[in-house]
Amino acid sequence: MTGLSGVILFIVSFYATFNFFRLYVMDRKIFHFCMGTTAAFLALYGASAFLALFFPVLDPEFIGEWSTVFSVSFLLSAAAALVRDFKPVFSRFPKSFTFIPLVLIVMYPMIIDTVVVKYWVLGLYQGSALLIALLIYAFRTYENSDYAYMLVGVIFFAITFLLYWIPESLFTLPVYAWMILTSSGILILTVGYNRAYNLDEQILDQEKRKETWFA
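Residues numbered from 1 in each chain as written. Predicted model: local features only at pLDDT ≥ 70, side-chain atom pairs only at ≥ 80, totals over all residues. Heavy atoms only, no water.

Re the overall build of the protein chain
Now for step 1: A count of helices and strands for the protein chain gives 8 helices and 0 strands.
Now for step 2: Ordering the α and β elements of the protein chain from the N terminus gives α-α-α-α-α-α-α-α.
Now for step 3: Counting all 215 residues of the protein chain, 41% fall into the buried class.
Now for step 4: Taking as baseline every contact in the protein chain between residues at least 6 positions apart, the subset at least 24 positions apart corresponds to 71%.
Now for step 5: With an accessible surface of roughly 12,100 Å², the protein chain has 72% of that area assigned to carbon and sulfur atoms. (Helix = DSSP H or I, 4+ residues; strand = E, 2+ residues; numbered from the N terminus. Buried < 20%, exposed > 50% of the residue type's maximum accessible area, 1.4 Å probe, protein only. Contact = heavy atoms within 4.5 Å. Areas by Shrake-Rupley, 256 points an atom, 1.4 Å probe, with all protein chains shown as cover.)

And the structure:
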């Protein structure tokens, strides 16, 4: 079952990766870049066990751990970009500030051997991103019901987060269960995002795309 759930996570994350990078190519938004990168590392996480089968030299635990670090870091950067886009243009913070959460990638080797600290840091990153997404999409759903799809996707992530971090003495979430819940959240969020923004119908300025890496 774990192997099947890994395949599901890989397929769904690969779809999300393609979708968000396609959007990034069109409009150069930081949010799309960070979401696409997050999904790419989640796809790598889902495929880690299978990569080890074809390439025995690879350590699936090492791949899984660093895939988690990269995906969580870019997820919080995506949340920062979401906050920036939510603000009026005149009050937005500099674009470069949205990438501050990526400092975890550089600092992680310093805490990799401290089990408690590294799990708390990863949990803090995940919880912060989820809280930001819940607040923003709850507000947007109140204004426009089309955003409900995205809110439901975030709720799936929140449920997975809460179940995962419940002490093992009280409850243990099987690996395949959180993979399936995560896959469901990714799929609902990706499809809902396209629906809410009518992204497939947007006509974008080609010259602007060529001149700007991040919007």
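Concerning the environment of L104
Now for step 1: Summarising the element assignment, L104 is placed in helix α4 (residues 103–111).
Now for step 2: A relative accessible area of 4% means that L104 is categorised as buried.
Now for step 3: Non-local contacts of L104, meaning those with residues more than four positions away in its chain, are made with V69, S73, V121, L122 and Y125.

Remarks on helix α2 (residues 30–54)
Now for step 1: Over its 25 residues, α2 extends 34 Å from the first C-alpha to the last, a length consistent with the 36 Å expected when each residue adds 1.5 Å.
Now for step 2: Of all the bends in α2, the greatest measures close to 55° and is centred on S48. (Expected span 1.5 Å × (residues − 1). Bend = angle between axes of the 7 residues up to and from the residue.)

Points about the confidence of the model for the protein chain
Now for step 1: Looking at the protein chain as a whole, its pLDDT mean stands at 83, while 90% of the residues score no less than 70.
Now for step 2: In this model residues 199–207 is a low-confidence stretch, pLDDT under 50, and it forms 9 contacts with partners more than four residues away in sequence or in other chains. (pLDDT = per-residue confidence, 0-100.)

Structural notes on the packing of helix α5 (residues 115–143) against helix α6 (residues 148–165)
Geometry of a packed helix pair, given as the angle between the helix axes and the separation of the axes.
Now for step 1: In the contact formed by α5 and α6, the axes pass within 9 Å of each other and the chain directions differ by 155°. Accordingly, the angle class assigned to the pair α5 and α6 is roughly antiparallel. Note on packing geometry: the crossing formed by α5 with α6 is left-handed. Residues Y119, G123, Q126, G127, L130, A133, L134, Y137, A138 and T141 of α5 touch α6, and the partners they reach there are A148, M150, L151, V154, I155, F157, A158, F161 and W165. (Axes fitted to C-alpha atoms, helices over the stretch in contact; angles between N-to-C directions. Parallel < 35°, antiparallel > 145°, perpendicular 65-115°, else oblique. Left-handed = near helix turned anticlockwise from the far one by under 90°.)

Things to note about the packing of aromatic side chains
Now for step 1: For the coordinates displayed, the defined rule picks out 16 aromatic pairs.
Now for step 2: Connected via pairs of aromatic rings, a cluster forms that spans F41, F62, W66, F70 and Y108. (Phe/Tyr/Trp six-rings, centres within 6.5 Å; stacked < 30°, edge-to-face > 60°.)

Quick notes on α4
Now for step 1: All of the buried residues in α4 are L104, I105, Y108 and I111. Summarising the axial view, the buried residues of α4 lie within an arc of 115°, below the 170-degree limit, and thus occupy one face. In α4, those exposed residues whose orientation departs by more than 90 degrees from the buried face are V106 and M110.
Now for step 2: Residues of α4 that are buried make contact with α3 (60–86) and α5. (Arc of directions from axis to C-beta.)

Here we look at the pattern of salt bridges
Now for step 1: Taken as a whole and judged by the stated rule, the model has 1 salt bridge.
Now for step 2: A salt bridge links K118 to E65; the nearest nitrogen and oxygen atoms lie 2.9 Å apart. Here E65 lies in helix α3 and K118 lies in helix α5, a separation of 53 residues in the sequence.
Now for step 3: For K118, a relative accessible area of 10% puts it in the buried group. (Salt bridge = Lys/Arg side-chain N within 4 Å of Asp/Glu carboxyl O.)

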